[in-house]
Amino acid sequence: FGLEDMWGAFEAIYYNVHESMLNDGPNIFLSQGDAMLSTVTVPNAKIKVSPVKPEEVDKAPLVETMDNILLREMNIAEEVDTVALHAYLFGRGFLKFGYDSEWGYDPELDLGGSLRLGLTLSQLNDSGSRRIEYDSTITPGSPWARAVMPHDIVVPWGAKELDSTPWIAHRIVRHIDDLRADKKYSVPRDLQPQLSMQDFVDSYRTVQRSKQTSNTAVGFKSEQSYVEMWEIHDRRTGKIFVVTQGCDKFLRRDDN
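The rules behind the values
- Residues numbered from 1 in each chain as written.
- Predicted model: local features only at pLDDT ≥ 70, side-chain atom pairs only at ≥ 80, totals over all residues.
- Heavy atoms only, no water.
- Helix = DSSP H or I, 4+ residues; strand = E, 2+ residues; numbered from the N terminus.
- Buried < 20%, exposed > 50% of the residue type's maximum accessible area, 1.4 Å probe, protein only.
- Axes fitted to C-alpha atoms, helices over the stretch in contact; angles between N-to-C directions.
- Contact = heavy atoms within 4.5 Å.
- Nonpolar A, V, L, I, M, F, W, Y, C, P; charged D, E, K, R; others polar.
- Pairing = 2+ DSSP bridges.
- Polar contact = N/O pair within 3.5 Å; in protein donor to acceptor, adjacent residues only side chain to side chain.
- Expected span 1.5 Å × (residues − 1).
- Phe/Tyr/Trp six-rings, centres within 6.5 Å; stacked < 30°, edge-to-face > 60°.
- Patch = residues over 30% accessible without salt bridge, like charges linked within 9 Å, V, L, I, M, F, W, Y side chains within 5 Å.
- Areas by Shrake-Rupley, 256 points an atom, 1.4 Å probe, with all protein chains shown as cover.
- Salt bridge = Lys/Arg side-chain N within 4 Å of Asp/Glu carboxyl O.
- Parallel < 35°, antiparallel > 145°, perpendicular 65-115°, else oblique.
- Left-handed = near helix turned anticlockwise from the far one by under 90°.

A. Molecular detail of the overall build of the protein. When helices and strands are tallied, the protein shows six helices and seven strands. The helix and strand sequence of the protein, counted from the amino end, reads α-α-α-α-β-β-β-β-α-α-β-β-β. Projected onto its principal axes, the C-alpha coordinates of the protein cover approximately 65 × 55 × 40 Å. Within the protein, the proportion of its 256 residues that are buried is 34%.

B. A look at the packing of helix α1 (residues 7-14) against helix α4 (residues 76-90). It is the contact of α1 with α4, at a shortest axis distance of 9 Å, that shows an interaxial angle of 115 degrees. Contact residues: α1 offers Trp7, Phe10, Glu11 and Tyr14, while α4 offers Leu85, Tyr88, Leu89 and Phe90. Here the residues of the contact of α1 with α4 sort into seven nonpolar, no polar and one charged.

C. Focus on the pairing of strand β4 (residues 167-175). When strand β3 (residues 153-154) meets β4, the two strands line up antiparallel, connected through two bridges. Of the residues in β4, the one forming a bridge with Val154 is Ala169. Bridge count between β4 and strand β5 (residues 226-234): nine bridges; the pairing is antiparallel. Counted as the bridge partner of Arg174 is Val227 from β5.

D. Representation of the side chain of Thr244. By the element assignment, Thr244 lies in strand β6 (residues 239-244). A polar contact is formed between the side chain of Thr244 and the side chain of Gln194, at a distance of 2.8 Å. A polar atom in the side chain of Thr244 sits 2.7 Å from the backbone oxygen of Glu228.

E. Broad picture of α4. Between its first and last C-alpha atoms α4 spans 20 Å; for 15 residues at 1.5 Å apiece the expected length is 21 Å, and the two agree. Phi turns positive one or two residues past the end of α4, at Gly91, with a value near 85 degrees.

F. Structural detail: the packing of aromatic side chains. One pass over the structure, following the stated rule, counts eight aromatic pairs. With 5.3 Å between their ring centres and 50 degrees between their planes, Trp7 and Phe90 make a pair best called tilted. Placement of the pair is Trp7 in helix α1 and Phe90 in helix α4, with a sequence separation of 83 residues. For the ring pair Tyr14 and Tyr15, a centre distance of 5.1 Å and an interplane angle of 90 degrees mean the geometry is edge-to-face.

G. Seen up close, a nonpolar patch on the surface. Taken together, the side chains of Leu111, Leu115, Leu117 and Leu121 define a hydrophobic patch exposed on the protein surface, amounting to about 440 Å² of accessible area. Inspection of the secondary structure assignment puts Leu117 in the loop between β1 (94-99) and β2 (143-148). For Leu117, a relative accessible area of 58% gives the class exposed.

H. The packing of helix α2 (residues 28-40) against α4, seen in detail. Two numbers describe how α2 lies on α4: the axes approach to 11 Å, and their chain directions differ by 135 degrees. With respect to α4, the element α2 is oriented oblique. Taken as a pair, α2 and α4 cross one another with a handedness that is right-handed. Here Phe29, Gln32, Gly33, Met36 and Leu37 of α2 come into contact with α4, specifically with Ala84, Leu85, Tyr88 and Leu89. Tallied by class, the residues present in the contact of α2 with α4 amount to seven nonpolar, two polar and no charged.

Here it is, written out as structure tokens:
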């Protein structure tokens, strides 16, 4: 955490776009990172399932095949590579796991009702005419894994490992229209977006995002139409809370 104000510079140096790189020459930061990542990451990693009982001998190959198909569908290898790169650039890396929807599985929306098929269509709006989630690799009824920028993760001060922290918070940003259309959230009518896409991208360059006093430009890049939220996974209560600035109520409060 002591070098957090340098994270933006580290990333710029790695991608050879830092302001100090005015002349052609070897990028030692990149070459060292590439050599290290090639050593610590495993291409095409696979799971090996070994039976522990005689009656499991015939089933083990099937379980192994299904596990490895699932790994490929979840893009685990690519996400782990990204996490390793984050660990090199920023000193830490986070892999977030979820199920069914990018913004959480809600059993009350299950298509099977009380039968619990483990499948929802919360990736669409109420009428089913428009997507409100855009990650095409996240499939309804299936688990997923995604590398999360460490800039967006907060744990209580003094936490040494995630296994013992009482809670962990993840900063998420969504378009106000998609948020209002998501049935998993309770969004007040008067909730206003707080930042533009440009604000969001620029927030990764500094530790503290500067507040814009006025923004009259219109367009995907600079129009203020996004909501910055914190998704808190609380181990003490076993719940997920979602909060945002300027709202005194939970946008989401569900069992984890």
